Amino acid sequence: MYIVLLGAPGAGKGTQAGALTQELKLAHIASGDLFRQALGKGTELGLQAKAYMEKGQLVPNEITIKMVLERITSPDCAAGIILDGFPRNVEQAKALDEALKLQKKGIDYAVYIKVSEGELLKRLTGRWICRKCQAPFHEVSSPPKTKGKCDKCGGELYQRADDNTETIKKRLEVFFAETAPLIEYYSRTNKLMEVQGEGSMEDISARIISALRAKNQKK
Ligand code: AP5
Ligand code: MG
């Protein structure tokens, strides 16, 4: 199964991808995580992405598309993927469709996790993520068992440089201008599923799984 998770910054794409990959046994590919890992290692890719990420702008398509299309050919992706944060505009979506078509595959579903702007702000300003495994935590809604330490791998938790009010505002603008048109893009081919993204993390996972099952049965 090939699933795209769509949603504004803070909608819970990373959180839900973590839960869904376990349930559905799929690989999780997050373009933002790939950039942050590259940045952490100080690679050329990381340095290229840094300035755009800090400003809340999209990294240019030629860099992003190449990085993700290379990643999806890895053996761990053969059984299917959950894509989180990619595609982010129509050009990326078309490039992804073409690459999967060459492998005689295609996107099955695009899940749009819908969350109000006020809630997005609360989530992003209170978020802490693991430097090692990228797992997201929240100081109020999902605090780690030990302050500053990841429950999953023991890695150090930190706040992302782009999780400040000014950059969050820019990221939201970019989402509505460039990524929101993908809702229409996937709706045209009947792949879109809209899920209400507010409530407990477990309830949202259950909503996504039951919507996926219902849509899969109709296929
Ligand atoms: P990226 O890393 O993709 O960031 P984003 O899209 O802005 O999304 P976030 O990771 O901020 O939010 P999320 O939806 O994953 O939420 P999370 O689960 O963490 O991109 C960063 C940058 O990289 C971009 O700005 C761009 O520069 C570049 N980039 C990446 N991909 C690109 C692409 N394809 N093209 C070009 N450039 C690209 O949850 C948020 C918080 O809320 C957490 O604290 C979590 O614990 C909490 N939370 C989650 N669910 C709930 C709930 N139900 N109730 C309460 N709290 C919750
Ligand atoms: Mg994320």
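Residues numbered from 1 in each chain as written. Chains lettered and ligands numbered in written order. Predicted model: local features only at pLDDT ≥ 70, side-chain atom pairs only at ≥ 80, totals over all residues. Heavy atoms only, no water.

Caption draft 1: Up close: the overall build of the chain. Check the secondary structure of the chain and you find nine helices and eight strands. In terms of overall size, the chain behaves like a compact globule, its C-alpha atoms giving a radius of gyration of 17 Å where 219 residues would be expected to give roughly 17 Å. Each principal axis of the C-alpha distribution contributes one length, and for the chain these read about 45 × 40 × 35 Å. The 219 residues of the chain split such that 48% are buried. In the chain, of all internal contacts separated by at least 6 residues, the share reaching a separation of at least 24 is 70%. Working note: accessible area of the chain is about 11500 Å², and carbon and sulfur atoms make up 52% of it. Charged side chains in the chain number 34 positive and 27 negative. The centres of these two groups are separated by 3 Å. (Helix = DSSP H or I, 4+ residues; strand = E, 2+ residues; numbered from the N terminus. Rg over C-alpha atoms; globule rule 2.2 N^0.38 Å. Buried < 20%, exposed > 50% of the residue type's maximum accessible area, 1.4 Å probe, protein only. Contact = heavy atoms within 4.5 Å. Areas by Shrake-Rupley, 256 points an atom, 1.4 Å probe, with all protein chains shown as cover. Lys, Arg positive; Asp, Glu negative; His and termini not counted. Charge placed at Lys NZ, Arg CZ, Asp CG, Glu CD.)

Caption draft 2: Examining the environment of Cys-153 more closely. Inspection of the secondary structure assignment puts Cys-153 in the loop between β6 (136-138) and β7 (157-158). Residue classification places Cys-153 among the partly exposed positions, given a relative accessible area of 29%. With 110 residues separating them along the chain, Cys-153 and Thr-43 place their C-alpha atoms 24 Å apart. In this structure, Cys-153 is in contact with Cys-130, Lys-132 and Cys-133, ignoring residues within four places of it in sequence.

Caption draft 3: View of the sheet that holds strand β8 (residues 192-196). Taken in spatial order, the five strands line up as β2-β3-β1-β4-β8 in an open sheet, and their pairing is parallel. Looking along the sheet, the strands with just one partner apiece sit at the ends: β2 (27-30) and β8. Ignoring strand direction, the axes of neighbouring strands in this sheet form an average angle of 20°. Across four bridges, β2 lies against strand β3 (residues 81-84) in parallel orientation. Bridge assignment links Ile-29 to a residue of β3, and that residue is Leu-83. Along the sheet face, helix α1 (residues 13-24) touches β1 (2-6), β2, β3 and β4 (109-114) and points at about 180° away from the line of β3. (Pairing = 2+ DSSP bridges. Axes fitted to C-alpha atoms, helices over the stretch in contact; angles between N-to-C directions.)

Limitation: the analysis is restricted to geometry and does not speak to function.
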